[in-house]
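Topology and contacts: notes
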Amino acid sequence: QVQLVESGGGLVQAGGSLSLSCAVSGIYFRVDSMGWYRQAPGQQRELVATIARDGSTNCVDSVKGRFTISRDNAKDTVYLQMNSLKPEDTAVYYCNADVRLWSWSNAITIWGKGTLVTVSS
């Protein structure tokens, strides 16, 4: 069974930094795109940033210049470095990955269980 194991998160004051990581575990052929989403209380889940296998990235305007997504293909791990955090960044952060189980199969999207990030003012 393929799973995503997230770590990081927690409580930080506004202006502070946190780092999240998410590793793919299990038996599979390859990991394609990986990304981070977040869901604030009472809000819909929204995209934060994605990174392709070739390292190309995409992120939402509200985190540009503050958050950096990166990945280690050898470890099938994606990272999210969050700087200059704001109270509005408070949310449960979810990792996802498009994983090919076999060389001939299409990728399936797998989600982590989420990790809470709380930014106090």
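Refer to the structure above for everything that follows.
Attention in this report is confined to the structure presented alongside it. (Residues numbered from 1 in each chain as written. Predicted model: local features only at pLDDT ≥ 70, side-chain atom pairs only at ≥ 80, totals over all residues. Heavy atoms only, no water.)

1. Overview of the state of the cysteines
Throughout the structure, instances matching the rule amount to one disulfide. Free cysteine: C59, not disulfide-bonded; nearest cysteine sulfur from C95 at 16 Å. (Disulfide = S-S within 2.5 Å.)

2. What about the environment of W36?
Summarising the element assignment, W36 is placed in strand 4 (residues 30-39). The sequence separation of W36 and C59 amounts to 23 residues, and the corresponding C-alpha distance is 9.3 Å. (Helix = DSSP H or I, 4+ residues; strand = E, 2+ residues; numbered from the N terminus.)

3. Re the pairing of strand 5 (residues 46-51)
Look at any regular strand and the pattern is simple: side chains alternate between the two faces of the sheet. By the bridge criterion, five bridges tie strand 4 to strand 5 in an arrangement that is antiparallel. Across the sheet, residue M34 finds its bridge partner in strand 5, namely I51. Once strand 4 ends, the chain turns through six residues before running back antiparallel as strand 5, passing G42 with a positive phi of about 75°. What sits between the antiparallel neighbours strand 5 and strand 6 (residues 57-59) is a turn of five residues, in which G55 has the positive phi angle 95°. (Pairing = 2+ DSSP bridges.)

4. Observations concerning unusual backbone geometry
The residue D76 is not glycine, and still its phi comes out positive at about 50°. Note that D76 resides in the loop between strand 7 (67-72) and strand 8 (77-82). Its identity as a non-glycine residue notwithstanding, S84 has a phi of 50°, on the positive side. Here S84 is to be found in the loop between strand 8 and strand 9 (91-100).

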